[in-house]
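Remarks on the overall topology
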Amino acid sequence: MHIVVVGLNYRTAPVEVRERFTIAQERLPAAVRELKNRRGVLECVIVATCNRTELYAVIDRDTHCPRPIRSFMDEWFGEGKESYGAYLYQYEDEQAKKHLFRVACGLDSMIIGETQILGQVRDAFLMAQSIGATGIIFNTLFKSAITVAKRAHAETGIDGNAVSVSYAAVELGKRIFATYEGKSVLIIGAGKTGELTLKHLAAAGAERVAVVNRTAHRASKVAEKFGGQAYGMERLPELLAEADVVISSTGSDGVILTKRTVGEVMRFRPSRPMLMIDIAVPRDIDPAVRRLEGVHLYDIDDLEGEDESNLESRRSQTGAIEAMIREELDAFD
């Protein structure tokens, strides 16, 4: 048997490629079942986030390792391998195990040491386990990866100094406007990322914050924690017209703000610029919005390297965590 991972991430593929290979959370069980049913696949887990889509599998010895995964990708995403092959990486056995451990610990993240990926790996494993897609190998391996990641965060300063994609987005706004005082901020999406963004905005001194979400109840639940105002998605156009800063992080399958929509808003505020930060994958804001006068649009790839000082302090902890990973891999073997 072989352990193999095939995937693409923010290092190997730009956001316009990654968004073609996202898997919505509600479709993830079906994707895992489909992969598990491939000939030669004994166990499997799919980790799908805004910055990576990775397919982990235990493959029997009679099967060429990547073949069932590649055939799944061709059919599930409807893309020919010639269109995405250059963006993929593939690891087998020892390299695959080490990669999983580094991912769970946050060492392979755009924001080094971020904790959100640990929860995402755990949730991906538990979901796959619940539908019978894992067995003794992945049950042991993923639990070991989660254990060492928890230890890494508990015993080192890897998650010290607030750094995350949400934090980087808020810091970008501070760098451009200097302060959030007097600025109107619009958060689109009230999921975990939206909530974390609102938390960082509150810490940064933002006082006029509106939260828009498909489900108004969820928006209210998130907004009330940090003194924001909640609205349903039907209020988006009018709130957009008032916003100085827009940070979007929905789970939508496609664009929710077109160039036409934003252009119409900007016609009525020609001397007032708008900063838009799209941290969703697939993207929420049409990239063509960049061409509109007065609009400054950034996507998730533009945030890499934000707040370098905090990231440097985290990098200093990576050696200790790599040593923990080696110990845990030896124990697993």
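Residues numbered from 1 in each chain as written. Predicted model: local features only at pLDDT ≥ 70, side-chain atom pairs only at ≥ 80, totals over all residues. Heavy atoms only, no water.

The complete set of buried residues in helix α2 (residues 28-36) reads L28, A31, V32 and L35. Across the axial projection of α2, the buried residues extend over an arc of 100°, all falling on one side. Where α2 is buried, its residues contact β2 (41-48), β3 (52-59), α3 (67-77) and α6 (116-130). (Buried < 20%, exposed > 50% of the residue type's maximum accessible area, 1.4 Å probe, protein only. Helix = DSSP H or I, 4+ residues; strand = E, 2+ residues; numbered from the N terminus. Arc of directions from axis to C-beta. Contact = heavy atoms within 4.5 Å.)

Turning to the sheet that holds strand β1 (residues 2-9), a few remarks are in order. Taken in spatial order, the 4 strands line up as β2-β3-β1-β4 in an open sheet, and their pairing is antiparallel. Every other strand in the sheet has two partners, leaving β2 and β4 (89-92) as the edge strands with one partner each. Sheet twist, expressed as the mean angle between neighbouring strand axes with direction ignored, is 15°. Bridge analysis of β1 against β4 gives 4 bridges, and the strand direction is antiparallel. Bridge pairing in β4 places G7 opposite Y89. Against the sheet, helix α5 (residues 94-105) contacts β1, β3 and β4, and its axis sits at roughly 140° relative to β3. (Pairing = 2+ DSSP bridges. Axes fitted to C-alpha atoms, helices over the stretch in contact; angles between N-to-C directions.)

A separate point is the environment of E34. Mapped onto the elements of the fold, E34 is located in helix α2. Exposure remark for E34: the relative accessible area of 31% places this residue in the partly exposed category. For E34 and F21, which are 13 residues apart along the polypeptide, the C-alpha to C-alpha distance reads 15 Å. Beyond its immediate stretch of four places on either side in the chain, E34 contacts F72 and W76. For E34, the side chain forms a polar contact with the side chain of R38, separated by 2.8 Å. (Polar contact = N/O pair within 3.5 Å; in protein donor to acceptor, adjacent residues only side chain to side chain.)

This next bit is on the confidence of the model for the protein. Across the protein, pLDDT averages 88, with 93% of residues at or above 70. Mean pLDDT per element in the protein: helix α13 (residues 308-315) is the minimum at 58, and α2 is the maximum at 97. (pLDDT = per-residue confidence, 0-100.)

Residues that lie three or four places apart on an α-helix share one face, since the helix turns once every 3.6 residues. Along helix α10 (residues 216-223), the positions that sit buried rather than exposed are A219, V222 and A223. Buried residues in α10, looked at end-on, bunch into an arc of 95°, giving them a common side. Against α9 (192-203), β6 (208-213) and β7 (229-232) lie the buried residues of α10.

A separate point is the pattern of salt bridges. Taken as a whole and judged by the stated rule, the model has 21 salt bridges. Between E75 and R38 there is a salt bridge, with its nearest N and O atoms 2.8 Å apart. Taken as a pair, E75 in helix α3 and R38 in the loop between α2 and β2 lie far apart in primary sequence, 37 residues in all. The class for R38 is buried, based on a relative accessible area of 13%. (Salt bridge = Lys/Arg side-chain N within 4 Å of Asp/Glu carboxyl O.)

This brings us to unusual backbone geometry. Backbone torsion omega between V281 and P282 reads 0°, so that peptide bond is classified as cis. By the element assignment, P282 lies in the loop between β9 (274-278) and β10 (295-299). With a phi close to 50°, D93 is a non-glycine residue in the positive phi region. Summarising the element assignment, D93 is placed in the loop between β4 and α5. The class of D93 is partly exposed, set by a relative accessible area of 27%. Notably, A178 is not glycine yet its phi reads approximately 75°, a positive angle. Examined against the element boundaries, A178 turns out to sit in the loop between α8 (165-177) and β5 (184-188).

In space, the 6 strands of this open sheet follow the order β7-β6-β5-β8-β9-β10, with parallel pairing throughout. Unpaired on one side and paired on the other, β7 and β10 mark the two borders of the sheet. Here the strands of the sheet are splayed against their neighbours by 20° on average, with no regard to which way each runs. Relative to the sheet, α8 contacts β8 (245-248), β9 and β10, its axis offset from that of β9 by approximately 160°.

Each aromatic ring pair is characterised by the separation of its centres together with the angle its planes make. Applying the stated criterion to the full structure yields 7 aromatic pairs. A centroid spacing of 5.2 Å and a plane angle of 65° characterise the contact between F21 and Y84, whose relative ring orientation is edge-to-face. Here F21 is found in the loop between α1 (15-18) and α2, whereas its partner Y84 is found in helix α4 (residues 81-84), with 63 residues between them in sequence. With relative accessibility at 0%, the residue F21 sits in the buried group. Both rings, one in F72 and one in W76, keep their centres 5.7 Å apart while their planes meet at 20°; by these two values the pair is stacked. In this pair, F72 and W76 are both assigned in helix α3, 4 residues apart and thus about one turn of the helix distant. An aromatic cluster is present here, built from Y56, F125, F138 and F142 joined pairwise through their rings. (Phe/Tyr/Trp six-rings, centres within 6.5 Å; stacked < 30°, edge-to-face > 60°.)

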